Amino acid sequence: MKLFSKELSSTDINHRLAIPTASLEAFEIPPGEHSVDVFALDADGNVWYFLLSTRTNETHPKPVFYGDWRQFVQNKSLRVGDKVIFEMKGDLGDGVRFRIRAQKYVFRLLGANIWVDV
């Protein structure tokens, strides 16, 4: 199940990944806490650790990924305008329940953007 897809901004590339608030319910942050460890498998079989953190102000939590996020960006050579897709996949082994995909824009064909996984 796709949780979100996002074209990356400069802040996403250089600091942290801001994720949609609507996807928060999939991450099971314990009551009273404002962060949770998230492990995601990429297309190469690597497991990435992300710290999902939210503001303490519950009216607008503004969730972001830290942890291995910058290493993931560097590993995939991501740039502004590239895309990440985050999916919930059930148990992928060793407690990993999520999959992360990185995509680069290739070209536009018949009015549609063409992306390739990296």
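Criteria and cut-off values
- Residues numbered from 1 in each chain as written.
- Predicted model: local features only at pLDDT ≥ 70, side-chain atom pairs only at ≥ 80, totals over all residues.
- Heavy atoms only, no water.
- Pairing = 2+ DSSP bridges.
- Helix = DSSP H or I, 4+ residues; strand = E, 2+ residues; numbered from the N terminus.
- Phe/Tyr/Trp six-rings, centres within 6.5 Å; stacked < 30°, edge-to-face > 60°.
- Buried < 20%, exposed > 50% of the residue type's maximum accessible area, 1.4 Å probe, protein only.

Peer 1: How would you sum up the pairing of strand β7 (residues 98-109)? Please name residues and give values.
Peer 2: Pairing of strand β3 (residues 35-41) with β7, which is carried by two bridges, proceeds in the parallel orientation. Looking at the pairing, L41 lines up with R99 of β7. One ladder, built from six bridges, connects strand β6 (residues 83-88) with β7; its direction is antiparallel. Across the sheet, E87 pairs through a bridge with R99, a residue of β7.

Peer 1: Give me the lowdown on the packing of aromatic side chains, citing residues and values where you can.
Peer 2: Scanning all chains against the criterion turns up 14 aromatic pairs. Ring geometry for F4 and F86: centres 5.5 Å apart, planes at 5°, overall stacked. With a gap of 82 residues between them, F4 in strand β1 (residues 2-7) and F86 in strand β6 connect regions that are remote in the sequence. Its relative accessible area of 1% is what places F86 among the buried residues. Each ring, one from W48 and one from F72, has its centre 5.3 Å from the other, and the planes form 85°; the classification is edge-to-face. Highlighted residues: W48 in strand β4 (residues 47-53) and F72 in helix α2 (residues 69-75), separated in sequence by 24 residues. On the accessibility criterion, F72 (0% relative accessible area) is buried. Each residue in the set F4, F27, W48, F50, F65, W69, F72, F86 and F98 is aromatic and connected to the rest through ring pairs, giving one cluster.

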